Amino acid sequence: MAEHNGEDKSVDIRGVSKIFTLSAGDLPVLDKVDLHISSGEFISVVGSSGCGKSTFLRIISGLESATAGDVFIGGRKVDRPSVKTGVIFQESRLFPWLSVEQNIAFGIHKKVDKEGRKKLICQHVGLVGLAGFENAYPRQLSGGMRQRVSIARALINKPGVLLLDEPFGALDALTRIHMQNEVLRIWSAEKSTMVLVTHDVDEAIFLSDRIVVMSDRPGYIKNVLDVDISRPRDRSSVPFMEIRKKIYTHFFAESALSLEYYL
Ligand SMILES: Nc1ncnc2c1ncn2[C@@H]1O[C@H](COP(=O)(O)OP(=O)(O)O)[C@@H](O)[C@H]1O
Ligand SMILES: [Mg+2]
């Protein structure tokens, strides 16, 4: 098992199932999901809307409990949220009344002294490319900049594991590509384990070491594909397109829809 900076950031998902109990009856959402993610690995999860991807991430983060099965991070069982695990959601979820700097500083551990806080804020503002915007408020920023503030806020406690739930879904195509490059840069600087949920197949191929394809609800792992292409990746290269085709084949294997329509 690969380890970075001596810290075990592996994620072990063992037999995780989830059933939501609703007044109309039980809703099975995840069905015996097993997955081992190595320290520092970049994993993407793709699957159709409602198949249980967000529930899966929330269980890894400790925000939601599994009905059956367990999650271990660095060998320790997850039973509540931890500062060691950062979460980034689709919408930036910033406090509108706080500045960029104050939003980023919000999660800093109380034990960190004033000097330490200043240093951390400065480092993280730089890491996400927001130098000069420290005193701006969320309403004065573009969608991409707001999402960068969320990334900085999630990174401030140096989480070993970063969970990203369709973080760029609301951004335009060009900003999205820019943010994907930023995520790669941050990943190589921080060496954290990344789990990204996305419905954008190209985004998954561009970023990941492996891609997990989930079935429709109740979600189980249909397939795991290795993305064996060196970085930086060219989205128009033949190996890239071959993987894209493979994923669409897995996605739509049981569908009546024509493959050609999507390629
Ligand atoms: N807290 C909850 N209570 C009841 N049902 C939920 C809850 N969270 C999600 N669901 C249901 O579980 C299913 C999977 O949701 P979700 O994990 O958000 O899917 P995805 O992220 O893949 O679109 C959906 O049908 C959703 O309505
Ligand atoms: Mg979701």
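Just above, that's the structure.
Residues numbered from 1 in each chain as written. Chains lettered and ligands numbered in written order. Predicted model: local features only at pLDDT ≥ 70, side-chain atom pairs only at ≥ 80, totals over all residues. Heavy atoms only, no water.

## Section: the overall build of the protein chain
Phase 1 of the analysis: Check the secondary structure of the protein chain and you find seven helices and ten strands.
Phase 2 of the analysis: With the C-alpha coordinates aligned to their principal axes, the bounding extent of the protein chain is approximately 60 × 40 × 40 Å.
Phase 3 of the analysis: Within the protein chain, the fraction of its 263 residues that count as buried is 46%.
Phase 4 of the analysis: Of the contacts formed within the protein chain by residues at least 6 apart in sequence, a portion of 68% connects residues at least 24 apart.
Phase 5 of the analysis: Each charge class in the protein chain can be summarised by its mean position, and for the 34 positive and 32 negative side chains these summaries are 6 Å apart. (Helix = DSSP H or I, 4+ residues; strand = E, 2+ residues; numbered from the N terminus. Buried < 20%, exposed > 50% of the residue type's maximum accessible area, 1.4 Å probe, protein only. Contact = heavy atoms within 4.5 Å. Lys, Arg positive; Asp, Glu negative; His and termini not counted. Charge placed at Lys NZ, Arg CZ, Asp CG, Glu CD.)

## Considerations on the nonpolar core
Phase 1 of the analysis: Ile151, Ile205 and Ile247 are the most contacted members of the largest nonpolar core, which totals 49 residues.
Phase 2 of the analysis: At six residues, helix 4 (residues 143–155) tops the list of elements feeding residues into this core.
Phase 3 of the analysis: Once you skip the residues sitting within four places of it in the chain, Ile205 turns out to touch Ile211, Val227, Arg233, Phe240, Ile243, Arg244 and Ile247.
Phase 4 of the analysis: Membership of the second largest hydrophobic core comes to 23 residues, among which are Val29, Val45, Ile59 and Val71. (Core = buried A, V, L, I, M, F, W, Y, C linked by side-chain atoms within 4.5 Å.)

## A short note on the sheet that holds strand 1 (residues 11–22)
Phase 1 of the analysis: A sheet is described by the order of its strands in space; here four strands give the open sequence 2-1-4-5, paired in antiparallel fashion. If you trace the sheet from one side to the other, it starts and ends with strand 2 (25–37) and strand 5 (76–77), each paired once.
Phase 2 of the analysis: By the bridge criterion, five bridges tie strand 1 to strand 4 (residues 68–73) in an arrangement that is antiparallel. Directly across from Arg14, in strand 4, lies its bridge partner Asp70.
Phase 3 of the analysis: This element, helix 1 (residues 53–61), spans strand 1, strand 2 and strand 4 of the sheet and lies at about 120° to strand 1. (Pairing = 2+ DSSP bridges. Axes fitted to C-alpha atoms, helices over the stretch in contact; angles between N-to-C directions.)

## Things to note about the site of ligand 1
Phase 1 of the analysis: Among the 13 residues in the neighbourhood of ligand 1, the closest are listed as Gly50, Lys53, Ser54, Thr55 and Arg217.
Phase 2 of the analysis: Separating an oxygen atom of ligand 1 from a side-chain N or O atom of Arg217 is a distance of 3.0 Å.
Phase 3 of the analysis: Calculation on ligand 1 without its partners gives an accessible area of 560 Å², and the protein chains cover 64% of this total.
Phase 4 of the analysis: Looking at the shell around ligand 1, the elements with two or more residues in it are strand 1, strand 2 and helix 1. (Near = heavy atom within 4 Å. Polar contact = N/O pair within 3.5 Å; in protein donor to acceptor, adjacent residues only side chain to side chain. Areas by Shrake-Rupley, 256 points an atom, 1.4 Å probe, with all protein chains shown as cover.)

## Points about the sheet that holds strand 3 (residues 42–46)
Sheet strands pair by backbone hydrogen bonding; their relative direction is either parallel or antiparallel.
Phase 1 of the analysis: One open sheet accounts for six strands, arranged 6-7-8-3-9-10; its pairing is mixed. Edge positions in the open sheet fall to strand 6 (85–88) and strand 10 (221–226), since each of these has one partner strand only. Adjacent strand axes in the sheet meet at a mean angle of 15°, parallel and antiparallel pairs treated alike.
Phase 2 of the analysis: Inspection of the sheet shows strand 9 (residues 210–214) paired to strand 10 by five bridges, in the antiparallel sense. Bridge pairing links Arg210 to Asp226 in strand 10.
Phase 3 of the analysis: Its contacts with the sheet put helix 4 on strand 6 and strand 7 (161–165), and the angle it makes with strand 6 is roughly 170°.

## Focus: the pattern of salt bridges
Phase 1 of the analysis: Throughout the structure, instances matching the rule amount to 14 salt bridges.
Phase 2 of the analysis: One salt bridge connects Lys18 with Glu64, and the closest N-O pair in it is separated by 3.6 Å. A residue pair is termed long-range when its members are at least 10 positions apart, and Lys18 in strand 1 and Glu64 in the loop between helix 1 and strand 4 qualify at 46 residues.
Phase 3 of the analysis: What makes Glu64 partly exposed here is its relative accessible area of 21%.
Phase 4 of the analysis: In this structure, Asp70 and Lys77 form a salt bridge, with 3.2 Å as the shortest nitrogen-oxygen distance. (Salt bridge = Lys/Arg side-chain N within 4 Å of Asp/Glu carboxyl O.)

## Points about the pairing of strand 3
Phase 1 of the analysis: For strand 3, a buried count of five out of five residues is recorded, marking the element as mostly surrounded by other parts of the structure.
Phase 2 of the analysis: Examined bridge by bridge, strand 3 and strand 8 (residues 193–197) share four bridges and lie parallel to one another. When the bridges of strand 8 are listed, Ser44 appears paired with Leu196.
Phase 3 of the analysis: Across four bridges, strand 3 lies against strand 9 in parallel orientation. Residue pairing across strands places Val46 opposite Val213, the latter belonging to strand 9.

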